[in-house]
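# Structural overview for review
This is what each chain is made of:
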Amino acid sequence: MQQSDDYVTRGVIRISSDSEPVTDADEEIFLLYSGLLAGEKSDTDTFRGLGHVDSRKDIIMITFELKAPSQPSTTDSKVTRSQRARKSQKPAKVTDKTVQVELHQDKTALRSRKGDTGSVVWKASTDFAQVILQQLHAQAPDALFDVQMLKSMHVLELGAGTGLLAVALAPHVGHYTVTDIEALQPLLCKNIAANFPGWTGLRTSLAPGHNVFVQELDWVALSNTAPAQRRRLVDIESPDLVLVVDCIYHPSLLPSLVETINYIAVPGRTSVLVVVELRAEDVIREFLSLWLSRPGWEILRVGGLLPGPYAAWVGWQALSTEDSSKS
């Protein structure tokens, strides 16, 4: 862990040094929803519907407008000749950039397949991608992810749905594993192939998106499998970062989701980032209660990451005595 006066860096995550630890689910829910209500009173346009972008379309185009970082003024008379020389040696200036992602949706499955929410694009994913892409593009000093470290990291996403985040973020990471249930595998592969021409999903490929791999991961099946047998069900390389974006929605899935997070995360190594749209507070309270009940987890609220009705937490599982003796 690295720490400065303003930020703490643990693994690939960089957060404010005054980030609030989460130790009580009821207290956290009270703080989040009090802030949400205060924000709604000052916002005249608060209707968001269920939270999907547009479930009426079979194909949707998501556009991210990325702005160049603001440049310091060079007209200051106090700038010395040596300072000007150093500036002239800097890499080429970063300019504005537009990133477009084309995604197929399965709107029929959304309405006909019970519990299916991953077959369409949700606003939480687009808003999260916009913020992260902007930070990476501008190489912001307060970016959530360490840009250089991310290039060699293994990122694993739970509940990836249409694959938006994989398409948007994979060019910035070393290895990106996209996971979801069996029913969504064809849609995931279709969208990744559509955005990375020549993508095969094979490790030997050098085509665009060669670092993206799709794998089935059913939280319920995993949680119902004895720990000793889980490797046969899910054989995934240990991740450096686990993304859980807008996966907290159905109460019956929460125990399995938390069990999956607990199983996938490597103590002392893996950072887990959870982003959620603040809908039903009892569901989010239950998720936090389950996560906090797991031994060894340190969870911090990531404040100010996303504008709008969102919350974000980052968690790490400490090495146990047994884990330490094995390492």
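Structure first, text after, so check above.
These remarks concern the structure in this document. Nothing here was measured: the structure is a model prediction, and the numbers come from that model.

Attention now moves to the side chain of Q105. By the element assignment, Q105 lies in the loop between β5 (97–104) and α3 (107–112). Overall, Q105 belongs to the buried group, its relative accessible area being 6%. A polar side-chain atom of Q105 sits 2.8 Å from the main-chain carbonyl oxygen of K57. When residues no more than four places from it in sequence are discounted, the contact partners of Q105 are D54, S55, K57, D58, I60, S119, V120, V121 and L187.

Per the counting criterion, the structure on display carries 1 cavity of 30 Å³ or more. I132, F145, L150, V155, L169, V173, Y176, L241 and L243 together form the lining of the largest cavity. Class assignment of the residues belonging to the lining of the largest cavity gives a composition of 9 nonpolar, no polar and no charged.

Here we take up the nonpolar core. In globular proteins that are soluble, nonpolar side chains generally tend to be buried together. Grouped together as the largest cluster of nonpolar side chains are 53 residues, with contacts concentrated most on F64, F128, F145, Y176, L243 and L273. If you tally residues by element for this core, the top one is helix α4 (residues 123–138), at 7 residues. Contacts of F128, omitting those with residues within four sequence positions, involve F145, L165, L169, L243, V245, L273, V275, L305 and L306.

What follows covers the environment of L169. By secondary structure assignment, the location of L169 is in helix α6 (residues 164–169). Here the alpha-carbon distance between L169 and L136, two residues 33 residues apart in the chain, equals 9.6 Å. Contact partners of L169, with chain neighbours within four places excluded, come to F128, I132, L133, Y176 and L243.

A word on the pattern of salt bridges. For the coordinates displayed, the defined rule picks out 11 salt bridges. In this structure, D146 engages R14 in a salt bridge whose closest nitrogen and oxygen atoms are separated by 3.7 Å. Residue D146 is found in the loop between α4 and α5 (147–150), and its partner R14 is found in strand β3 (residues 13–16); the two are separated by 132 residues along the sequence. R14 matches D146 in its accessibility class, with the two residues each being buried. Ionic pairing is found between R285 and D26, a salt bridge with its closest N-O pair at 2.9 Å. With a gap of 259 residues between them, R285 in helix α11 (residues 281–292) and D26 in helix α1 (residues 25–41) connect regions that are remote in the sequence. Residue R285 is classed as partly exposed on the basis of its relative accessible area of 24%.

As a further point, take α11. Compared with an ideal rise of 1.5 Å per residue, which puts 12 residues at 16 Å, α11 spans 16 Å between its outermost C-alpha atoms and is within 8% of the ideal. Buried within α11 we find V283, I284, F287, L288 and W291. Down the axis of α11, the buried set is contained in an arc of 130°. They therefore lie on one face.

Here we come to unusual backbone geometry. For Q139, which is not glycine, the phi dihedral falls at a positive 50°. Phi angles above zero are rare outside glycine, and D246 is one such case at about 55°. Of the residues examined, D246 reaches a relative accessible area of 12% and is grouped as buried.

About the criteria used
Residues numbered from 1 in each chain as written. Predicted model: local features only at pLDDT ≥ 70, side-chain atom pairs only at ≥ 80, totals over all residues. Heavy atoms only, no water. Helix = DSSP H or I, 4+ residues; strand = E, 2+ residues; numbered from the N terminus. Buried < 20%, exposed > 50% of the residue type's maximum accessible area, 1.4 Å probe, protein only. Polar contact = N/O pair within 3.5 Å; in protein donor to acceptor, adjacent residues only side chain to side chain. Contact = heavy atoms within 4.5 Å. 1 Å grid on protein atoms, 1.4 Å probe; cavity = no way out; pocket = protein on both sides within 12 Å on 5 of 7 lines; lining within 4 Å. Points joined across faces, edges and corners; volume = space filled by probe spheres on them. Nonpolar A, V, L, I, M, F, W, Y, C, P; charged D, E, K, R; others polar. Core = buried A, V, L, I, M, F, W, Y, C linked by side-chain atoms within 4.5 Å. Salt bridge = Lys/Arg side-chain N within 4 Å of Asp/Glu carboxyl O. Expected span 1.5 Å × (residues − 1). Arc of directions from axis to C-beta.

Any link to function would need more than the numbers given here.
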